[in-house]
Amino acid sequence: MKLPPFKTEQWMNIYENDAVYNLTDTCVSPLTFRQLTAMDPGDRLHDLKLDYGVIPGNEALRKCILSLYQTGTIDDITLADGCLHANELIMNTLLESGDQVLTFSPGYQQFSDVPRSLGCEVTEIKLHEETGWQPELEDISAAFASHRFRLVILNMPNNPTGSMLNETILQALLQYAERCGSYILCDEVYRDPQFPSIADLYPLGISTSSLSKLFSLAGLRLGWIKGPRKLIDKINERRDYSMISTGPLRDTLALIALENKDQLLCRSRSRIKEDQAVIEQWLKTDPRMSIQMPVSGTVGFLKYDAPINSEDLARDLLRDTGVFFVPGSCFDCDYHLRLTFTAEPETLRRGLQLLSGYLIAMSHPCQT
């Protein structure tokens, strides 16, 4: 099982610690341990027995996770070490060499390269910026006409574009998948629970998510899978080889968070709304920039008009100004930067000003 370097993660590993103005962090203002534990009115942590705990996950926690969905029982849910691991568990459980997989581009590299590493044939359908990062229905139809997909992989909201499939395209995709008997894995780590989940819309729909983004708790590494019971049972068997359980400490901290989900979601929605307002005002001042503003989630894909590729721009901008972006090249879509709605508004405002100033200076170099 050979995998290429994960371009987005490697970029952040190398450069993120040098950021002064981090405009590409996908997690909303992470909570401190003190802030999280202050939400617990009891004393559950101090007397917690640190054994393996309930192997598929604490039942009270799974009930809280179930409240983020419209259907199912706690037996349709199992836990993982973050959403990335949840996705991997599903792919490793469902896929074998020779299987056919459908996904979309630009998208998260895991969705194409992990299936390829398992020997699968991967079809990538292009998302088009001019239509709000939507695919063409004709491309979906043609793909299903010539393939029998074992698994369709979505990411809604999408990373890096922030887009969600519109109702017409989503319904068409569900119909094609149902005729083919395809599972649909949807990474919903950026999903606000006020939007529907694939696990509620489609019998073979599998939702993955975590506490990392809107719940501001990436450091807990607590993710989950909601899907068909038979598949969850198979995944639980596979988990015995890789993690056994998430353990009582993480489960209890996650339970505290989800018992206070309305407070945490309100906090994140407020930050996203503030940052989007800052970006919209800035866009009026710089005609070289454009973005398809997402309706939900913490990510968007900023397009710029300048004669410099995104990798050079992101690297030079960080070196000279401290402004940090993930370049579009990490998603095989150049002349874009991944921009997020998670920073303190003043940090975002200053970082965007520095980006504009940098491009102005680059286009009008000093004459000597």
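For clarity, every value in this text was computed on a predicted model and none was experimentally measured.

Reading the values: rules and limits
- Residues numbered from 1 in each chain as written.
- Predicted model: local features only at pLDDT ≥ 70, side-chain atom pairs only at ≥ 80, totals over all residues.
- Heavy atoms only, no water.
- Phe/Tyr/Trp six-rings, centres within 6.5 Å; stacked < 30°, edge-to-face > 60°.
- Buried < 20%, exposed > 50% of the residue type's maximum accessible area, 1.4 Å probe, protein only.
- Helix = DSSP H or I, 4+ residues; strand = E, 2+ residues; numbered from the N terminus.
- Pairing = 2+ DSSP bridges.
- Contact = heavy atoms within 4.5 Å.
- 1 Å grid on protein atoms, 1.4 Å probe; cavity = no way out; pocket = protein on both sides within 12 Å on 5 of 7 lines; lining within 4 Å.
- Points joined across faces, edges and corners; volume = space filled by probe spheres on them.
- Nonpolar A, V, L, I, M, F, W, Y, C, P; charged D, E, K, R; others polar.
- Axes fitted to C-alpha atoms, helices over the stretch in contact; angles between N-to-C directions.
- Parallel < 35°, antiparallel > 145°, perpendicular 65-115°, else oblique.

Trainee: Can you break down the packing of aromatic side chains residue by residue, with the values?
Mentor: In total, this model carries eight aromatic pairs according to the counting rule given. A centroid spacing of 5.1 Å and a plane angle of 80° characterise the contact between phenylalanine 144 and phenylalanine 149, whose relative ring orientation is edge-to-face. There is no split in this pair, since phenylalanine 144 and phenylalanine 149 are both buried. Seen from their ring centres, phenylalanine 144 and tyrosine 176 are 5.5 Å apart, and the 15° between their planes marks the pair as stacked. With phenylalanine 144 in helix α6 (residues 137-146) and tyrosine 176 in helix α7 (residues 167-180), the pair connects residues that are 32 residues apart, well separated along the chain. Residue tyrosine 176 is classed as partly exposed on the basis of its relative accessible area, which comes to 22%. Among the aromatic residues, ring-to-ring pairing joins Phe6, Tyr108 and Phe111 into one connected group.

Trainee: Give a description of the pairing of strand β2 (residues 77-80) that names residues and reports values.
Mentor: Of the two faces of β2, the one lined by Ile77 and Leu79 and the one lined by Thr78 and Ala80 are each fully buried. When β2 meets strand β8 (residues 223-226), the two strands line up antiparallel, connected through four bridges. Each residue of the ladder has a partner; that of threonine 78, found in β8, is isoleucine 225.

Trainee: Requested: an account of the environment of glutamate 259, with residues and values cited.
Mentor: With respect to the helices, strands and loops of the structure, glutamate 259 is situated in helix α10 (residues 248-259). Remark: the alpha-carbon pair of glutamate 259 and threonine 208, spanning 51 residues in sequence, is separated by 19 Å. The residues contacting glutamate 259, other than those within four sequence positions of it, are Arg44 and Cys64.

Trainee: Can you explain helix α5 (residues 110-117)? Please cite residues and give values.
Mentor: In an α-helix, one full turn covers 3.6 residues, which means residues spaced three or four apart are oriented alike. With seven of its eight residues buried, α5 lies for the most part within the structure. Residues Gln110, Phe111, Ser112, Asp113, Val114, Pro115 and Ser117 constitute the buried set of α5. Looking at the buried residues of α5, the elements they touch are α4 (82-94), β3 (100-105), β4 (121-126), β5 (151-155) and β6 (183-187).

Trainee: Quick one: what's the story with the layout of surface pockets, residue by residue and with numbers?
Mentor: Space inside the largest pocket adds up to approximately 450 Å³. Residue lining of the largest pocket: 23 residues in total, with Glu9, Thr26, Tyr108, Lys213 and Arg221 positioned closest to the centre. No other element matches the four residues that helix α1 (residues 7-15) contributes to the lining of the largest pocket. Here the residues of the lining of the largest pocket are counted per class, giving eight nonpolar, eight polar and seven charged. There is about 360 Å³ of room inside the second largest pocket. Along the wall of the second largest pocket there are 22 residues; nearest its centre are Ser163, Met164, Leu165, Asn166 and Val295. Counting residues per element, the ones that place at least two in the lining of the second largest pocket are α7 and α8 (198-201).

Trainee: An account of the packing of α6 against α7 is needed here, citing residue identities and associated values.
Mentor: The axes of two packed helices give the description: the angle between them and the distance between them. Where α6 meets α7, the axes come as close as 10 Å, and the angle between the chain directions of the two elements is 5°. Judged by the inter-axis angle, α6 sits roughly parallel to α7. Residues Leu137, Ile140, Ser141 and Phe144 of α6 pack against Thr168, Ile169, Ala172, Leu173, Tyr176, Ala177 and Cys180 of α7. For the contact of α6 with α7, a count of residues per class yields nine nonpolar, two polar and no charged.

Nothing here speaks to function; it is all geometry.
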